[in-house]
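# Structural description and commentary
So the chains spell out like this:
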Amino acid sequence: MSAQTSRAPVTRPAAAPSAAVRTGRGARPRLALAAIAGCNAMIQLDDPIVNVALPGLREQFGLSAVGASWVVNAYLLTFGGLLLLGGRAGDILGRRKVFLAGVGLFTAAALLRGIAPSGEFLVAVRAVQGAGAALAAPSGLALVLSMFPQGAPRRRAIAVCTAAGAVSTAGGLLLAGALTSLGSWRWVLWLDVPLGVAILLAAPFVIEETPRNRGRFDLAGALVSALGAASLVYGLAQAAERPWGDPVVAGAVTAGVGLLVVFGRIERRAAQPIVVPRLFADRDRLLAYLSTLAVPGALIGTYFFLNQFFQGRHGWSALAAACALLPLPVTMATTVPAVVRLERLVGTKPLMAGGAVLLAAGNLWLACLDASDPYVFAVLPALVLLGAGMAACALPPTVLATSGLRGSEAGAASSVLNCLQSVGGSIGLATLVTVSAHTGGASAGMAGGFATGAAFAGLALLAALFLRRSG
């Protein structure tokens, strides 16, 4: 999530919060924000706990490497494929209703996966969970946009959601590591359930429903966008294990790109498009989208490579590796309030550029990592740089991308932002793993992966430098 500080990229005034939110008896913005931030935390928490649980569930169900990858890919496919439809559903059916439906699906699937009797059942449940996240994530951000007016209140609200995601990642690493070391992998997979139940119980009383926007679903656009995004995400996920020239990878990526091109043509002709073309007409918003696409690639390698480095090269336990990675999300969570203040002082452009530089520096630092280097001097400073850089690169693009919107465009803008984050993570991981596999041994491969992460940070820096000067 992110928001704008200095100047809206589109001169049209942003829509005021809905009357239901301002005057409704059930409207409690702070408690509503807590529920939405809790949903963001729940979705962010899911990735580390599933990855920590993978070795145990793979052993119990006898899954191959490809079978285990589907536990992750099934979620990514439905999440990435249905995000655009999820945002549009909130605009038409009511954002609170779709938000609650998404949280309900996500929580129910999290409960079922902990009692999964087979690998096939687990994969199916993960697909349902991805669909729930695709409904909840864009509707949650759209609710924030409708509750908090553009400017300082919205910046602070988005900062709260960003910090909640970082805190949940930190807590997820610790809890997942502890439960894996002391108990069963099934316990790990239930960590989302209490939070999901709490949101479902509280949200109906603290979040007012938003007015529905008259319209209909662009079924052709929804189908083509879902297939295109799912195909692209699948191809990129497979590229982490297969060469780029493999028919599965090349075919899926080509099909995904082709379908998304067709989707663009459908949207230009649709009377009520699922994605509003006006969202891409402003240069600053377009550059914010580019930054959102690039930044995940600058961070995703840290968890991927360092987990293997700590557990494989040094023989640390899952809990010890989780504790070693903790400074990154903690730094991000504690830096977010300072980012909000800095954005008011220096503006969006310098802040995004500075964050990208910190991300590049952290990746280059880790590219020089050697197995004999002490953690305190060789790893810890890089994690702090990455955490601070991520805070500076996460908040401003979200603000830019969600500023200057009409009320009916909030769901579409939120879904595009979340979709780019999902696809960006897939692109980043596939590229980093490919570079690592073709660089040489374990140390050289990890160094190549982190150097590629620095290149993704460079792309985010380029996007920041081309922003119009603000504030």
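Cut-off values and rules
- All residue numbers refer to positions counted from 1 along the written sequence of the respective chain.
- Predicted model: local features are reported for residues with pLDDT of at least 70 only, side-chain atom pairs are reported and counted for 80 or more only, and whole-chain, interface and lining totals are derived from all residues.
- Excluded from the side-chain calculation are hydrogens and water; included are all heavy atoms of the structure.
- Numbered from the N terminus, helices here are DSSP runs of H or I no shorter than four residues, and strands are runs of E no shorter than two.
- Here the globule rule is a power law, 2.2 Å times the number of residues to the power 0.38, and the radius of gyration is based on C-alpha atoms.
- Throughout, exposure labels follow a simple rule: accessible area from a 1.4 Å probe, protein chains only, divided by the maximum for the residue type, with under 20% read as buried, over 50% as exposed, and the rest as partly exposed.
- The contact criterion used throughout is that any non-hydrogen atoms of two residues lie within 4.5 Å.
- Working definition of accessibility: Shrake-Rupley area with a 1.4 Å probe, residue cover restricted to the visible protein chains.
- Lys and Arg are tallied as positive, Asp and Glu as negative. Neither His nor the chain termini are counted.
- Taken as the charge centre is NZ of Lys, CZ of Arg, CG of Asp or CD of Glu, depending on the residue.
- To estimate the expected span of a helix, count its residues, drop one, and scale the result by 1.5 Å.
- The term polar contact refers here to a pair of N or O atoms within 3.5 Å; inside protein, the definition further demands a hydrogen-donor-capable atom paired with an acceptor-capable atom, and it admits residues adjacent in sequence only when both atoms are side-chain atoms.
- Disulfides are defined as pairs of cysteine sulfur atoms found within 2.5 Å of each other.
- Counted as salt bridges are all cases of a side-chain nitrogen of Lys or Arg within 4 Å of a carboxyl oxygen of Asp or Glu.
- In predicted models, pLDDT denotes the confidence assigned by the predictor to each residue on a 0 to 100 scale.
- Only buried residues count toward a nonpolar core. Its members are Ala, Val, Leu, Ile, Met, Phe, Trp, Tyr and Cys residues joined through side-chain atoms within 4.5 Å.

### Notes on the overall build of the protein
Across its full length, the protein holds 18 helices and zero strands. Relative to the globule expectation of 23 Å for 471 residues, the C-alpha radius of gyration of the protein, 21 Å, shows essentially globular dimensions. Reported as C-alpha extents along the three principal axes, the dimensions of the protein are approximately 60 × 50 × 45 Å. Classification of the 471 residues of the protein by burial places 57% in the buried group. For the protein, the proportion of contacts with a sequence separation of at least 24, taken over those separated by at least 6, is 84%. For the protein, the accessible surface area stands at approximately 18100 Å², while carbon and sulfur atoms represent 68% of it. Taking the average place of the 34 positive charges on the side chains of the protein and the average place of its 18 negative ones, the gap between the two points comes to 12 Å.

### Quick notes on helix α10 (residues 247-269)
Here α10 is 23 residues long and its end C-alpha atoms lie 33 Å apart, about the 33 Å a rise of 1.5 Å per residue gives. Measuring from the side-chain oxygen of the N-cap residue of α10 to the backbone nitrogen of Val248 gives 2.8 Å; that N-cap residue is Asp246.

### Things to note about the environment of Gly132
Relative to the helices and strands, Gly132 resides in helix α5 (residues 119-147). In this structure Gly132 comes out as buried when scored by relative accessible area, which is 0%. For the pair Gly132 and Asn307, spaced 175 residues apart in sequence, the C-alpha to C-alpha distance is 28 Å. With sequence-adjacent residues up to four places away left out, Gly132 is seen in contact with Gly102, Leu105 and Phe106.

### Observations concerning the state of the cysteines
Counting across every chain of the model gives zero disulfides. Looking at the unpaired Cys161, the closest cysteine sulfur is the one in Cys39, lying at 9.1 Å. Since its relative accessible area comes to 0%, Cys161 is described here as buried.

### Description of the pattern of salt bridges
As enumerated under the stated definition, the model contains seven salt bridges in all. A salt bridge links Asp46 to Arg126; the nearest nitrogen and oxygen atoms lie 2.7 Å apart. With a gap of 80 residues between them, Asp46 in helix α2 (residues 29-61) and Arg126 in helix α5 connect regions that are remote in the sequence. When sorted by exposure, Asp46 lands in the same class as Arg126, which is buried.

### Let's talk about the confidence of the model for the protein
Summing up the model confidence of the protein, the mean pLDDT is 84 and the portion of residues at 70 or higher is 91%. Counted against residues more than four places away or in other chains, residues 1-26, with its pLDDT under 50, gives 92 contacts.

### Focus: the nonpolar core
Phe99, Ile207 and Leu306 are the most contacted members of the largest nonpolar core, which has 117 residues in total. Counting 18 residues, the second largest nonpolar core, distinct from the first, contains Leu54, Ala68, Val71 and Ala116.

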